[in-house]
Amino acid sequence: MNILMLTENDPAGMGIAFCQAINRTGEHTCRLITKQERYGIDFEKDLHLPDLDGSGLDEIEELLTSSDIFHFHILSDESMEIGPLRVRDYIRGKGLVNHHHGHPDFRANPGKYREKYRELNRRTLVSTPDLLKLLPEACWIPNVVPVNDPRFMPTGKQAKGKVRICQSPTKKELKNTSEFIAVVDELKGRYPHIECVVIENTVYDTCLSIKRSSDIHFDHMQGYYGVSSLESLSQGKPVIAGLDDWNIGHIQSFSGRTKLPWCIARSRVELRDTLSELIEDPGLRKTRGEEAREFMVNCWNEANVLGILMDVYATL
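Residues numbered from 1 in each chain as written. Predicted model: local features only at pLDDT ≥ 70, side-chain atom pairs only at ≥ 80, totals over all residues. Heavy atoms only, no water.

(A) Structural detail: the overall build of the protein. Counting its secondary structure elements, the protein contains eleven helices and 14 strands. Against the compact-globule benchmark of 20 Å for 316 residues, the protein has a radius of gyration of 20 Å, which places it among compact chains. Summarising its shape, the C-alpha atoms of the protein cover approximately 65 × 40 × 35 Å along the three principal directions. Counting every position in the protein, which comprises 316 residues, the buried fraction comes to 52%. For the protein, long-range pairs separated by at least 24 residues make up 70% of all intrachain contacts whose partners lie at least 6 apart in sequence. For the protein, the exposed area adds up to about 14,000 Å²; of that, 48% sits on carbon and sulfur atoms. (Helix = DSSP H or I, 4+ residues; strand = E, 2+ residues; numbered from the N terminus. Rg over C-alpha atoms; globule rule 2.2 N^0.38 Å. Buried < 20%, exposed > 50% of the residue type's maximum accessible area, 1.4 Å probe, protein only. Contact = heavy atoms within 4.5 Å. Areas by Shrake-Rupley, 256 points an atom, 1.4 Å probe, with all protein chains shown as cover.)

In C-alpha cells form, the structure reads like this:
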C-alpha cells in the first residue's frame, strides 16, 4: 500500500513517527504532508509545505494521485488545501481515515464530529483510550515509539547525588504542572537534593536528552497518558501519571498485561507520596525503570501497534 498522511501540524510528532515506522516494515510506503509547525518543537519532517518549491508541489500532486490511502490527522480532512491543490479533487477511489489526537474543538464538540463521520461512513481512529468516550465508533491506535532509537533507550547509568524530576508539558494549564511544582517544592524541605525540571519551548531532541538524563518523569493526572509517558517509559524511567480505570483497562487489553509500569497518582496527596517513595529508594527507581523499558519493548513495540493500524487500513 501507498499511504499518504496529511495534517496541518504534526500532533506530538506522531505523524512522522507513524510514517517512519510504516516505512521500516518494508511492506508499505508512507509519506507525510504538514502545513505548519506549532510550539517550535522541531519534529522531523517529510514534505513540509513552507519548505517546498514548485518541484515539491509536483511531488505532492503525484502522491495525491498515486496513494491508496489518505490518513488525516487532528482535524484535517478532504477540505484541506495544499498550496493550489485541493485534496478533495483526489479522493476518488482512495481509502480515507480520520485520526483524532485530542484537539480542544474535538473534545468540546464530539457530537459534531460523530455526525460528520456517520454521514460520510468514515472510519475513525483515536490516539488514547479516553477519546473513545467521545467517539465510540473509533478504533484506538496506540501512539508509536521507536524503542530501538538511541534517544529512546536507557542511559545505563545509575543516578548519583541529585534526583532530577522532570515534566515536559505542551500546555502547562492542562497537565497539572502547578500541582507538580507545588508538591516538589513541598518535598524539598525533606529532600534538598531533588531538582524539578519543567521542559518548555525546547526542540525535540534536546527535550528527549533532558528526559533521558532525569531520574523520575511526571506526565499528568488527567486520567489518560501522553506521548511524554511513552517516551520516558521507553527510556527506562519511573513514570507517574493519574491513569483512570477506563484507560488502565484498555491498556491492559492491548498489552495483555495486568500489571502496568506507570506509578499511579490521581491526586496531589498521591503524587507527593509516590514521589517520596521514589526519591527515597534508588532501588525502587531502578526496578520501576526496568519494568517500564521491558513493557515498551515487549508490549508497546512498533509491530504490535502497526498490526492494529494495518487491520484498519485493510477495511478501507
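(B) Representation of the packing of helix 7 (residues 227-234) against helix 10 (residues 282-298) within the structure. Across the interface, helix 7 lies against helix 10 with an axial gap of 7 Å and an inter-helix angle of 105 degrees. The angle between helix 7 and helix 10 falls in the class roughly perpendicular. Where helix 7 abuts helix 10, its residues Leu 230, Leu 233 and Ser 234 lie against Ala 292, Arg 293 and Met 296. Counted by class, the contact of helix 7 with helix 10 contains four nonpolar, one polar and one charged residues. (Axes fitted to C-alpha atoms, helices over the stretch in contact; angles between N-to-C directions. Parallel < 35°, antiparallel > 145°, perpendicular 65-115°, else oblique. Nonpolar A, V, L, I, M, F, W, Y, C, P; charged D, E, K, R; others polar.)

(C) Molecular detail of the packing of aromatic side chains. Considering all chains together, one arrives at 13 aromatic pairs under this definition. Among the aromatic residues, ring-to-ring pairing joins Trp 140, Tyr 225, Phe 254, Trp 262, Phe 295 and Trp 300 into one connected group. Over the ring of Tyr 224 we find Arg 107; its NZ or CZ atom is 5.1 Å from the centre of that ring. (Phe/Tyr/Trp six-rings, centres within 6.5 Å; stacked < 30°, edge-to-face > 60°. Lys NZ or Arg CZ within 6 Å of the ring centre and 35° of its normal.)

(D) Up close: the sheet that holds strand 12 (residues 216-218). Taken together, five strands build an open sheet; the order of strands is 11-10-12-13-14 and the sheet is parallel. The sheet is open, and its two borders are formed by strand 11 (194-198) and strand 14 (263-264), each paired with just one other strand. As paired elements, strand 13 (residues 239-241) and strand 14 share two bridges and run parallel to each other. Each bridged residue has a counterpart across the sheet, and for Ala 241 the counterpart in strand 14 is Ile 264. The strands that helix 5 (residues 177-187) touches are strand 10 (163-167), strand 11 and strand 12; relative to strand 11, the one it contacts most, it runs at about 165 degrees. (Pairing = 2+ DSSP bridges.)

(E) Inspection of the pattern of salt bridges at higher detail. For the structure on display, the rule yields 27 salt bridges. One salt bridge connects Arg 107 with Asp 130, and the closest N-O pair in it is separated by 3.2 Å. Here Arg 107, found in helix 3 (residues 104-108), pairs with Asp 130, found in the loop between strand 8 (123-126) and strand 9 (139-140); they are 23 residues apart in sequence, far enough to count as distant. The exposure class of Arg 107 is partly exposed, given its relative accessible area of 32%. The network of salt bridges with common partners includes Glu 44, Asp 149, Arg 151 and Asp 205. (Salt bridge = Lys/Arg side-chain N within 4 Å of Asp/Glu carboxyl O.)

(F) Here's a closer look at the pairing of strand 11. Here strand 10 runs beside strand 11; their pairing, made up of five bridges, is parallel. Bridging across to strand 11, Val 163 finds its partner in Ile 194. For the segment spanning strand 10, helix 5 and strand 11, crossover handedness is right-handed. (Right-handed = clockwise from strand over helix to strand, strands pointing away.)

(G) Looking closely at the packing of helix 9 (residues 268-280) against helix 10. In the contact formed by helix 9 and helix 10, the axes pass within 5 Å of each other and the chain directions differ by 105 degrees. On the basis of their axis angle, the class for helix 9 and helix 10 is roughly perpendicular. When helix 9 is examined against helix 10, the residues Glu 277, Leu 278, Ile 279 and Glu 280 are found in contact with a partner set consisting of Pro 282, Leu 284, Arg 285 and Arg 288. Looking at side-chain class alone, the contact of helix 9 with helix 10 contains four nonpolar, no polar and four charged residues.

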